[in-house]
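# Observations on chain architecture
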Amino acid sequence: MPAISGVQMPIRCLIAVFFLFHAAVAPALADAAPSLPPVAQHPVSSKPMVLPKATELPVGPAGTWRSPVSNGVDRQIAVLSAPAGGFTVVYAQYLRGDMDSSRLMQIRSSDGRLMDQPEPLSFGSVLEDAPVLVHIDNDAWLYFAGSDADFSNITLWRARATPQGFGAPQRLPDVPGLTQLVQAPRWVQAEGDLYLTFRGMGTGPRWMSMRNARSPSEFQGAASTPVAYPRVVPLGQHGCFMSYQKAPEGGYMTTLYSVSPDCRTWSGPVELSPAKSPNKPDVHDGFALPRQDGGVDIYYVYPSYKGATARFPVSFDLYRRAVDVQGRAGPEQLLTERLAYNPFAPSAHRMPDGSVLVSFSDIEARGDAGVTKGRLTLFRISGDAPMEPERPGHRDSDS
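What this report covers is the structure whose coordinates are included nearby. (Residues numbered from 1 in each chain as written. Predicted model: local features only at pLDDT ≥ 70, side-chain atom pairs only at ≥ 80, totals over all residues. Heavy atoms only, no water.)

### A short note on the sheet that holds strand β22 (residues 284–290)
Using the following cut-off: Think of it this way: DSSP has to see at least two bridges between two strands before they count as a pair. Only DSSP runs of H or I with at least four residues qualify as helices, and only runs of E with at least two residues qualify as strands; both kinds are numbered from the N terminus onward.
Taken together, the four strands give an open sheet; going across it, the order is β22-β23-β24-β25, and neighbouring strands pair in antiparallel fashion. Both edges of this open sheet fall to β22 and β25 (333–334), since each of them pairs with a single strand only. Looking at chain direction, strand β24 (residues 314–323) and β25 are connected through two bridges and run antiparallel. In the strand pairing of β25, Y319 is matched with L334.

Here you go:
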């Protein structure tokens, strides 16, 4: 995979670096590891499975739906609500573990509980990735990116969503500066428009409004240096929230955020979840969801030591925390049982009843180059993260 100004690495390589580093630090993490229950077994069935109702946190296998199909690495879920509580899910699947084998998959649920089998979804590009499902002007649309096998010649598309499936894809205008799929375009719908964030080529991340959800408008700068996983979330009259990640000095990875009252002038970056010494920063995959009372809840992962007999002795856990419109963070909330999962690439989606549908890819296997199998996993949360003041630099999980 080509490099982008020193910050772009293949997904498999990033995860391989994570496991290489943590093989050395696992004994130190073990000193603070809590006593944990035995690993619960995940049910896997060829029959349709049920998405449980909202459950208590942290969630375990009884509270999650896991894809019955495990091919490659599932990630980048998009959700479109439907009548009677149903919804459609579209996501990217990296068949060989990385973006060079990306295709789209779809799952439908007629009632929000019974999940159909995953099915491939193709519109004719060699690679298809970066999906989002949105309602625009009383119509439902799937937006996505396509490219050649070498990630070049990126094209943006949309297809109308209907109860029967998807219509023929419509080519969108090219976006200046967006030339490769590895620039990781990420979409966010807000106030009847659609916004696009992507990595700059040798610059900071770029983001823009798509006028009437079709034509690109003016670029907005969101950071001055190259970063990974940038995503800007407009918050209406409260401005904008931006998160991204970068390798820090003396650490493995850190996720940072900034807020802006006008979506043009940004606050200084704030570390989302500072590590407590002697641990080093290692926070990945931030995904922000607007809260019902303003601000965002941001979902992210970082590792802990699970024990020598665990499926992965050192592996990720999924967390979230609230950040208000002034940038103040609430307490950290653990979302997944530590021994049950090895989650990464989370996302969160507001459902019509106010609940949150959370997704992640559960790492099941890895090879010399990194993750080779990550299974789509879903669960529901009844509401937003707690928003209480906490001591600066304090991480709940270190207590």
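Let's pick the thread back up.
### Here's the deal with the state of the cysteines
The line we're drawing: By convention in this document, the label disulfide applies to cysteine sulfur atom pairs within 2.5 Å. Relative accessibility decides the category of a residue: with a 1.4 Å probe and only protein chains considered, values under 20% of the type maximum give buried, values over 50% give exposed, and everything between is partly exposed.
Taken as a whole, this structure holds one disulfide when the rule is applied. Note that C240 is cross-linked by a disulfide to C263, the S-S spacing being 2.0 Å. Taking the sign of the S-S torsion, 90 degrees for the link of C240 and C263, the bridge is right-handed. You can see C240 sitting in strand β19 (residues 240–246) and its partner C263 sitting in the loop between β20 (254–260) and β21 (270–271), a full 23 residues away along the chain. Neither C240 nor C263 differs from the other in exposure class; each is buried.

### Overview of the pattern of salt bridges
Using the following cut-off: The salt bridge criterion pairs a side-chain nitrogen of Lys or Arg with a carboxyl oxygen of Asp or Glu, the two atoms within 4 Å.
According to the stated counting rule, one finds 14 salt bridges in the structure shown. D384 serves as the salt-bridge partner of R350, at 2.8 Å between the closest nitrogen and oxygen. Of the two residues, R350 sits in strand β26 (residues 343–350) while D384 sits in the segment after β28 (370–381), which places them 34 residues apart along the sequence. Through salt bridges with shared partners, one network takes in R66, R311, D362, E364 and R375.

### A few points about the environment of S260
The test is simple: Only heavy atoms enter the contact rule, under which two residues are in contact if any of them lie within 4.5 Å. N or O atoms closer than or at 3.5 Å make up a polar contact, with two conditions inside protein: a donor-capable atom paired with an acceptor-capable one, and, for residues adjacent in sequence, both atoms drawn from side chains.
Relative to the helices and strands, S260 resides in strand β20. A relative accessible area of 3% means that S260 is categorised as buried. For the pair S260 and C240, spaced 20 residues apart in the sequence, the C-alpha separation amounts to 5.2 Å. Apart from the residues within four sequence positions on either side, S260 is in contact with H238, G239, C240, T265 and W266. Looking at S260, its side chain comes within polar contact range of the side chain of D262, at 3.0 Å.

### Quick word on the environment of Q245
With respect to the helices, strands and loops of the structure, Q245 is situated in strand β19. A sequence separation of 17 residues divides Q245 from A228, and the C-alpha atoms of the two residues are 5.2 Å apart. With near-sequence residues (within four places) excluded, Q245 lies in contact with V227, A228, Y229, M253, T254, T255, V283, H284 and D285.

### Structural notes on the packing of aromatic side chains
How we decide: Aromatic pairing here means that ring centres of Phe, Tyr or Trp (its six-membered ring) are within 6.5 Å. Orientation follows from the plane angle: under 30 degrees is stacked, over 60 is edge-to-face, and everything else is tilted.
Across all of its chains, the model carries 10 aromatic pairs by this definition. Between Y302 and Y319 the ring centres are 4.3 Å apart and the planes differ by 5 degrees, which places this aromatic pair in the stacked class. With Y302 in strand β23 (residues 296–305) and Y319 in strand β24, the pair connects residues that are 17 residues apart, well separated along the chain. Here the aromatic residues F123, F144 and F166 are joined through ring pairs into a cluster of three or more.

### Here's the deal with the sheet that holds β21
Judged by pairing direction, the sheet is antiparallel, and its four strands sit side by side in the order β18-β19-β20-β21 without closing on themselves. Unpaired on one side and paired on the other, β18 (228–234) and β21 mark the two borders of the sheet. With seven bridges connecting them, β19 and β20 associate as antiparallel partners. Note that in β20 the partner of S243 across the bridge is Y257.

### Digging into the nonpolar core
The following threshold applies: Nonpolar cores are built from buried Ala, Val, Leu, Ile, Met, Phe, Trp, Tyr and Cys residues. Side-chain atoms within 4.5 Å join them into one set.
If you look at the biggest cluster of nonpolar residues, it comprises 47 residues, and the most contacted ones within it are Y143, L156, W187, L196, Y299 and F379. Among the elements that take part in this core, strand β8 (residues 127–136) stands out by supplying five residues, more than any other. Discounting chain neighbours no more than four positions away, the residues touching W187 are A130, V132, Y143, F144, L156, L172, L194, Y195, L196, M210 and R231.

### Focus: the pairing of strand β27 (residues 356–367)
Alignment of β26 against β27, held across six bridges, turns out to be antiparallel. Paired with P343 across the bridge in β27 is D362. Examined bridge by bridge, β27 and β28 share 11 bridges and lie antiparallel to one another. By the bridge assignment, S359 is partnered in β28 with L378. Here β27 folds back onto β28 in antiparallel fashion, the turn holding two residues.

### Things to note about unusual backbone geometry
A cis amide bond, omega 0 degrees, links L57 with the succeeding residue P58. Mapped onto the elements, P58 comes out in the loop between β1 (49–50) and β2 (65–66). Cis geometry is found at the peptide bond from S277 to P278, where omega equals 10 degrees. Looking at where P278 falls in the secondary structure, it is placed in the loop between β21 and β22.

### Examining the environment of T155
Structurally, T155 is set in strand β10 (residues 155–162). Remark: the alpha-carbon pair of T155 and D174, spanning 19 residues in sequence, is separated by 6.9 Å. Once you skip the residues sitting within four places of it in the chain, T155 turns out to touch F144, A145, G146 and R171.

### A word on the pairing of β19
Of all seven residues in β19, six are buried, a share of seventy percent or more. Taken together, the five bridges between β18 and β19 define a ladder with antiparallel strand orientation. Paired with P234 across the two strands is C240, which belongs to β19. Connecting β18 to the antiparallel partner β19 that follows it, the hairpin turn spans five residues, and G236 within it adopts a positive phi of roughly 65 degrees.

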